[in-house]
Amino acid sequence: MSTLAHLFPIKILPEDIDFMGHVNNSRYLNWVQEAVLEHWRKLAPPDAVAARAWVALKHEITYRKPAFLNDADVFATTVLESIHGARAFYETVIKRGEEVLAEVKSSWCCIDAQTLRPARIGSEITAYFFPKSD
């Protein structure tokens, strides 16, 4: 079961470019983090957003093609695949138009913003991400 895709537009900045003239590999992970967190803030209720934070546990990334400074129409499509306890599992694909630049599988741990300890994602919040179809 997965949620609807969340589109995250990407603007490539001069500081994203490495010594080889293309986007540095580490920037892709920043984009994934930004896309996942935006997805959370967009769908979760405001009280849940205020009370919880996310930390990355694992990223598995496959780079397909490089991105460059003047590239347009670059975006990340992120999909929440599942939630188990305090963990969330995402798949993110970064594209330039229809061309796949990178594919990322990542897992995240939800934490309580006050205690910084793992915080279970209950069904009342999960329902915002996996709505029942009519």
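Going by the structure above, here's the rest.
The following refers to the structure shown. (Residues numbered from 1 in each chain as written. Predicted model: local features only at pLDDT ≥ 70, side-chain atom pairs only at ≥ 80, totals over all residues. Heavy atoms only, no water.)

### Brief notes about helix H1 (residues 25–43)
Relative to the 27 Å expected for 19 residues at 1.5 Å per residue, H1 spans 28 Å between its end C-alpha atoms, a close match to the ideal helical length. Those residues of H1 that sit buried are Arg27, Tyr28, Trp31, Val32, Ala35, Val36, Leu37, His39 and Trp40. (Helix = DSSP H or I, 4+ residues; strand = E, 2+ residues; numbered from the N terminus. Expected span 1.5 Å × (residues − 1). Buried < 20%, exposed > 50% of the residue type's maximum accessible area, 1.4 Å probe, protein only.)

### Structural notes on the pattern of salt bridges
As enumerated under the stated definition, the model contains eight salt bridges in all. Note that Lys105 and Glu91 form a salt bridge whose closest N and O atoms lie 3.9 Å from each other. Residue Lys105 is found in strand E5 (residues 99–112), and its partner Glu91 is found in strand E4 (residues 87–96); the two are separated by 14 residues along the sequence. Overall, Lys105 belongs to the partly exposed group, its relative accessible area being 39%. The salt bridge partner of Lys95 is Glu98, with a shortest N-O separation of 4.0 Å. Residue classification places Lys95 among the partly exposed positions, given a relative accessible area of 21%. A relative accessible area of 70% places Glu98 in the exposed class. (Salt bridge = Lys/Arg side-chain N within 4 Å of Asp/Glu carboxyl O.)

### A short note on the side chain of His39
By the secondary structure assignment, His39 is in helix H1. Once residues lying within four places of it in the same chain are set aside, the contact partners of His39 are Thr3, Leu4, His6, Thr78, Leu80, Tyr90 and Phe129. (Contact = heavy atoms within 4.5 Å.)

### A look at unusual backbone geometry
Apart from glycine, the bulk of residues carry a negative phi angle, and the bulk of peptide bonds sit in the trans form. Of note in the backbone geometry, Asp73 takes a positive phi value of approximately 60° without being a glycine. Position of Asp73 among the secondary structure elements: in the loop between strand E2 (52–63) and strand E3 (74–84). With a relative accessible area of 52%, Asp73 lands in the exposed category. We note that Leu116 has phi near 65°; this positive angle belongs to a residue other than glycine. Mapped onto the fold, Leu116 is located in the loop between E5 and helix H3 (123–129). A relative accessible area of 57% places Leu116 in the exposed class.

### Let's talk about the packing of aromatic side chains
Counted according to the given criterion, the structure contains four aromatic pairs. Each ring, one from Tyr28 and one from Tyr63, has its centre 5.3 Å from the other, and the planes form 80°; the classification is edge-to-face. One end of the pair, Tyr28, is in helix H1; the other, Tyr63, is in strand E2, and 35 residues separate them in sequence. Note on Trp40 and Trp54: the rings are 5.3 Å apart at their centroids and 75° apart in plane angle, and the pair reads as edge-to-face. Linking Trp40 in helix H1 with Trp54 in strand E2, this pair joins segments that are 14 residues apart in sequence. A relative accessible area of 5% means that Trp40 is categorised as buried. A relative accessible area of 15% means that Trp54 is categorised as buried. (Phe/Tyr/Trp six-rings, centres within 6.5 Å; stacked < 30°, edge-to-face > 60°.)

### Brief notes about the environment of Tyr90
Following the sequence through the fold, Tyr90 ends up in strand E4. Residues Tyr90 and His59, 31 residues apart in the sequence, show an inter-C-alpha distance of 9.5 Å. When near neighbours in sequence (up to four residues on either side) are disregarded, Tyr90 contacts Val36, His39, Thr78, Val79, Leu80, Glu81, Val104, Lys105, Ser106 and Trp108. Of the polar contacts made by the side chain of Tyr90, one reaches the side chain of His39; its length is 2.7 Å. (Polar contact = N/O pair within 3.5 Å; in protein donor to acceptor, adjacent residues only side chain to side chain.)

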